[in-house]
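# Understanding the architecture of this molecule
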Amino acid sequence: MAEAIDWRRLRREAIEPLRAGRPALWYAFDFQAGPRSDGTYPLRQAPTELGPKAVVLLDGAYSARPELADVLSVSVLVEAAPTTRRARLAAREAPDFLRRWHTRWDAAEDHYFTRVRPPRAFDVVLRTDDVAA
């Protein structure tokens, strides 16, 4: 779990250049290519480039890694009850994908947000149960 994302590469290729007012260049995951036999996704062949912006949003569970805390100005956890999250996923994903997803992700997410970075470690926690998907 600790190495599920290359946070060092994320920091070096995206976060640090953008914070310094320089363009960032990185290879994003290629979700359109579909998962490989081990369930992971390949990287895109062409790099993604983003010029400096006044505000940069870093999205996803692994963007909350403690090792990145010193380069983030504000950390926000967007929370929803498990039933709400499952309903939102079911509205946009195929059932077979969801079975594989929950098998891999649920325990990891529980570990991450109870032991690695619990909600009290965020600057802001937003509950979205009453918000339409």
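Scroll up for the structure.
Below you will find a few notes about this structure. (Residues numbered from 1 in each chain as written. Predicted model: local features only at pLDDT ≥ 70, side-chain atom pairs only at ≥ 80, totals over all residues. Heavy atoms only, no water.)

### Focus on the overall build of the chain
Rules: Where helices and strands are cited, they refer to DSSP runs of H or I of at least four residues and of E of at least two residues respectively, numbered from the N terminus. Here's how the labels work: a residue is buried when its accessible area is under 20% of the maximum for its type, exposed when over 50%, partly exposed in between, all with a 1.4 Å probe on protein chains only. Pairs of residues are marked as contacts when any of their non-hydrogen atoms sit within 4.5 Å. Computed with the Shrake-Rupley method and a 1.4 Å probe, the accessible areas treat only the protein chains shown as cover for residues.
Helix and strand counts for the chain come out as 3 helices and 4 strands. Listed by position from the N terminus, the elements making up the chain come as α-β-β-β-α-α-β. The buried share among the 133 residues of the chain stands at 26%. Considering only contacts within the chain whose residues lie at least 6 apart along the sequence, 63% involve residues at least 24 apart. As displayed, the chain has an accessible area near 9300 Å², and 55% of this comes from carbon and sulfur atoms.

### Digging into helix α3 (residues 95–116)
Turn by turn, an α-helix covers 3.6 residues, leaving residues three or four places apart pointing in a common direction. Put simply, the rule reads: By this rule, a helix spans an expected 1.5 Å times one less than how many residues it contains. We define the bend at each residue as the angle formed by axes fitted to the 7 residues ending at it and the 7 residues starting at it.
Over its 22 residues, α3 runs 29 Å from end to end, which matches the ideal 32 Å to within 8%, given 1.5 Å per residue. Its maximal kink placed at H102, α3 deviates by approximately 35°. Of the surrounding elements, those touching the buried residues of α3 are β3 (76–79) and α2 (82–92).

### Observations regarding the packing of α2 against α3
As a reminder, the rule being used: Each axis is a line fitted through C-alpha atoms, taken for helices only over the stretch in contact, and angles between the N-to-C directions span 0 to 180 degrees. The crossing is said to be left-handed when, going from far helix to near helix, the turn is anticlockwise and less than a right angle, and right-handed when the turn is clockwise.
Between α2 and α3, the shortest axis-to-axis distance is 12 Å and the interhelical angle comes to 150°. In the packing of α2 onto α3, the handedness of the crossing is right-handed. Judged by residue contacts, R85, R86, L89 and A90 of α2 engage L98, W101, H102, D106 and E109 from α3.

### Some points on a nonpolar patch on the surface
Definition in use: Like-charged residues within 9 Å of one another, or nonpolar side chains (Val, Leu, Ile, Met, Phe, Trp, Tyr) within 5 Å, are grouped into patches, provided each residue has over 30% relative accessible area and no salt bridge. Each reported salt bridge corresponds to a side-chain nitrogen of Lys or Arg within 4 Å of a carboxyl oxygen of Asp or Glu.
On the surface, V74, V76, V78, V124 and L126 cluster together to form a nonpolar patch covering roughly 400 Å² of accessible area. Of all the elements in the fold, those that place two or more residues in the nonpolar patch are β3 and β4 (124–127).

### Points about the packing of aromatic side chains
Heads up, the rule is: Only Phe, Tyr and Trp rings are paired, with Trp represented by its six-membered ring, and only when their centres lie within 6.5 Å; those with planes under 30 degrees apart are stacked, over 60 edge-to-face, the remainder tilted.
Per the counting criterion, the structure on display carries 4 aromatic pairs. Where F29 meets F31, the ring centres are 6.0 Å apart and the plane angle is 50°; that geometry is what we call tilted. Here a set of aromatic residues connected by ring pairs shows up, and it is made of F29, F31 and Y41.

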